[in-house]
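Tertiary structure, described
Read off the chains here:
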Amino acid sequence: MSTFHIETLGCQMNHSDSERIKTVLENLSYKKAKTQKSADLVIFNTCSVRQKAEDRIFGLMKNLKKIKNRKPDFLIGLTGCMVRKTSNRNSVEQDKLLKKISHLDFVFRIEELPFLPRILMELNPKITIGNQVNDELQNYFSIYPAYSSKFQAFVPIMTGCDKFCTYCVVPYSRGRERSRNLDDIINEINSLAEKGCIEITLLGQTVDSYGQSIFDKHSKKFAHIKGSPFAYLLKKINDIKKIKRLRFSSPHPQDMSDEVIELHKSLPILCPYIHLPVQSGDNQILKRMNRTYTREHYLELIHKLRKARPDIAISTDLIVGFPGETDEQFQNTYNLFHEVEFDHAYISQYSPRKETFSAKHFADDVPAAVKKQRWDAINKLLKQISFKKHQAFENKKVEVLAEKCQDGYLEGRSEHFKTVRFEGPKNLIGTFQKVHIDKALEWLMEGKLNNS
């Protein structure tokens, strides 16, 4: 019996993709290995948003070279944002990664996941294709994933991106934006609900542009919907009674409509939390990033969101040290962060990515030491704000979905996406619990069970 191991790095979309990869492999009669070293097949699902992510992959791959030398039939594959051309070591035309990493056997673009059985068969003729997976599948959305959790699910509703931010590789790695059929999404969520799932997170590179890409409009499959197709989808999911919480990630400010904003007030299951990437608080830098909105427009969105749902928690993405960023421009970002008071933020120091516009046309001219100083300044501010936001919950009860047991404590998220740690038995995992918050920390809150 052949075994597999999937090493997943990157965003929630990557983790969702890995669940679909798992389904394909299990239909090929593979079984999950107990460890990476004991597997017959290892697939790396990669992220290349930052250079450090790619460097880590190369480091992990080196560790498998010795296993490859000992086990000639041991296969190593790679997918995700680093791949440009689906191919294997026997292909006439190969992805550059196959030439760069001698012990790598195959790579595939994630949207071409249905071709994975054929790729593996070319490397190992003993492999047989199961009933549910074959090359005739229209796209990887046709593969229902083997969800790793019974009570939570990340459901992709689109793939690719049409925004072409100058620093981003996604349009090149995942292709142009295409939205999944609405009925397929609803059917999958209905199926999840029947199996006990209570929290859904919708995924997309720019999730709020669902149904609005050039391809989507040409297909006319959303022509019957008046207004925002994304808002329509949210309302349809709200009608599924067994789903108790709904989140989505990540929207783009350009596509955040008033209709979607108002749903934060009217839809009971839509959580009071949004992750809304800003990237920079300076208009000139935003323009160089091709972010297609201004600082003023972003702040207006924040105002509307807080008017619709005053208690809404807001997180964001930021890049410091983008090419040409001056001290004054960074200060504009710092000031915006201070004004908005983000609950959380993913802060990155700019690193050029191959194939992107910024790597080709902008000099990476902000010194590494300056990038680090700017990162430290924003991170220090984030810590202060995060602690302040958590303090507001002290001596209050919050509803927490217990997700895991860590260091003897249960840990989960509140509806505001705050991490909460509390004592309790493991059998509470997968259930909602009332927790009295006793202590606020910078990155989480601690409390005690209080179901009275």
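Higher on the page you've got the structure.
Residues numbered from 1 in each chain as written. Predicted model: local features only at pLDDT ≥ 70, side-chain atom pairs only at ≥ 80, totals over all residues. Heavy atoms only, no water.

**Details of the environment of I67**
Positionally, I67 belongs in helix α3 (residues 65-70). Between the C-alpha atom of I67 and that of D40, which follows or precedes it by 27 residues, the distance is 9.9 Å. Those residues within four positions of I67 in sequence are excluded, and the remaining contacts are K37 and F74. (Helix = DSSP H or I, 4+ residues; strand = E, 2+ residues; numbered from the N terminus. Contact = heavy atoms within 4.5 Å.)

**Quick notes on the sheet that holds strand β16 (residues 409-414)**
Spatial ordering of the closed barrel is given by β15-β16-β17-β19-β18, a layout of 5 strands whose pairing is mixed. Taken pair by pair, the neighbouring strands of this sheet meet at an average axis angle of 50°, ignoring direction. (Pairing = 2+ DSSP bridges. Axes fitted to C-alpha atoms, helices over the stretch in contact; angles between N-to-C directions.)

**Digging into unusual backbone geometry**
Of note, the bond from S249 into S250 is cis; its omega dihedral lies within 30 degrees of zero at -10°. Residue placement: S250 occurs in the loop between β11 (245-249) and α10 (258-266). In this model, S29 sits at a positive phi of 70°, which is unusual for a non-glycine residue. On the secondary structure map, S29 appears in the loop between α1 (12-27) and β2 (31-32). By relative accessible area, which is 44% here, S29 ends up partly exposed. In this structure, E355 is a non-glycine residue whose phi angle is positive, near 80°. Along the chain, E355 falls in the loop between β14 (344-349) and α14 (357-361). Exposure remark for E355: the relative accessible area of 35% places this residue in the partly exposed category. (Buried < 20%, exposed > 50% of the residue type's maximum accessible area, 1.4 Å probe, protein only.)

**Structural notes on helix α12 (residues 295-308)**
Taking 1.5 Å of rise per residue, the 14 residues of α12 would be expected to cover 20 Å, and the 20 Å separating its terminal C-alpha atoms lies within 8% of that figure. When we look at burial in α12, the residues that qualify are R295, Y298, L299, L301, I302, L305 and A308. Those residues of α12 that are buried lie in contact with α10, β12 (273-275), α11 (283-289), β13 (313-320) and α13 (327-340). (Expected span 1.5 Å × (residues − 1).)

**Some words on the nonpolar core**
I200, L202 and F248 are the most contacted members of the largest nonpolar core, which has 60 residues in total. Residue contacts for L202: discarding those within four places in its chain leaves V155, I157, I189, V207, F230, L233, L234, I237, L246, R247, F248 and S249. By size, the runner-up hydrophobic cluster in this structure holds 20 residues, among which are L78, L97, I101 and V107. (Core = buried A, V, L, I, M, F, W, Y, C linked by side-chain atoms within 4.5 Å.)

**Describing the pairing of β13**
Among the 8 residues that make up β13, 8 are buried, leaving the element largely enclosed by the rest of the structure. Residues of β13 alternate between two faces, with A313, S315, D317 and I319 on one and I314, T316, L318 and V320 on the opposite face, all of them buried. When β12 meets β13, the two strands line up parallel, connected through 3 bridges. Across the sheet, the residue bridging to H275 is S315, located in β13. As paired strands, β13 and β14 are joined by 6 bridges and run parallel to one another. Each bridged residue has a counterpart across the sheet, and for T316 the counterpart in β14 is A345. Between the parallel elements β13 and β14, the chain passes through α13 in a crossover that is right-handed. (Right-handed = clockwise from strand over helix to strand, strands pointing away.)

**Structural notes on the sheet that holds β11**
Spatial strand order, β7-β10-β11: 3 strands in an open sheet with parallel pairing. Both outer strands of the open sheet, β7 (152-156) and β11, are each paired with one neighbouring strand and no more. Going across the sheet, the axis of each strand differs from the next one's by a mean of 20°, ignoring polarity. Set on the sheet, α1 makes contact with β7, β10 (199-203) and β11; between it and β7 the angle comes to about 95°.

**Brief notes about the packing of α12 against α13**
How two helices pack is summed up by the angle between their axes together with the distance between the axes. Two elements in contact, α12 and α13, have axes separated by 12 Å at closest approach and are oriented at 10°. As summarised for this structure, α12 and α13 are arranged roughly parallel, according to the angle between their axes. Mapping the contact onto sequence places R295, L299, I302 and R306 in α12 and N332, N335, L336, E339 and V340 in α13. Of the residues contributing to the contact of α12 with α13, the split by class is 4 nonpolar, 2 polar and 3 charged. (Parallel < 35°, antiparallel > 145°, perpendicular 65-115°, else oblique. Nonpolar A, V, L, I, M, F, W, Y, C, P; charged D, E, K, R; others polar.)

**Concerning the packing of aromatic side chains**
Within the structure shown, the criterion is met by 13 aromatic pairs. Here the aromatic rings of F322 and F362 are separated by 6.1 Å at their centres, their planes lie at 75°, and the arrangement is edge-to-face. Placement of F322 in the loop between β13 and α13 and of F362 in the loop between α14 and α15 (368-391) is noted, with a sequence separation of 40 residues between them. Of the two residues, F322 and F362, both sit in the buried class. Taken together through their ring pairs, the aromatic side chains of Y167, F322, Y350, F357 and F362 make up a single cluster. The residue whose ring lies beneath R421 is Y409, and the NZ or CZ to ring-centre distance is 5.5 Å. (Phe/Tyr/Trp six-rings, centres within 6.5 Å; stacked < 30°, edge-to-face > 60°. Lys NZ or Arg CZ within 6 Å of the ring centre and 35° of its normal.)

Coordinates in, geometry out; function isn't part of it.
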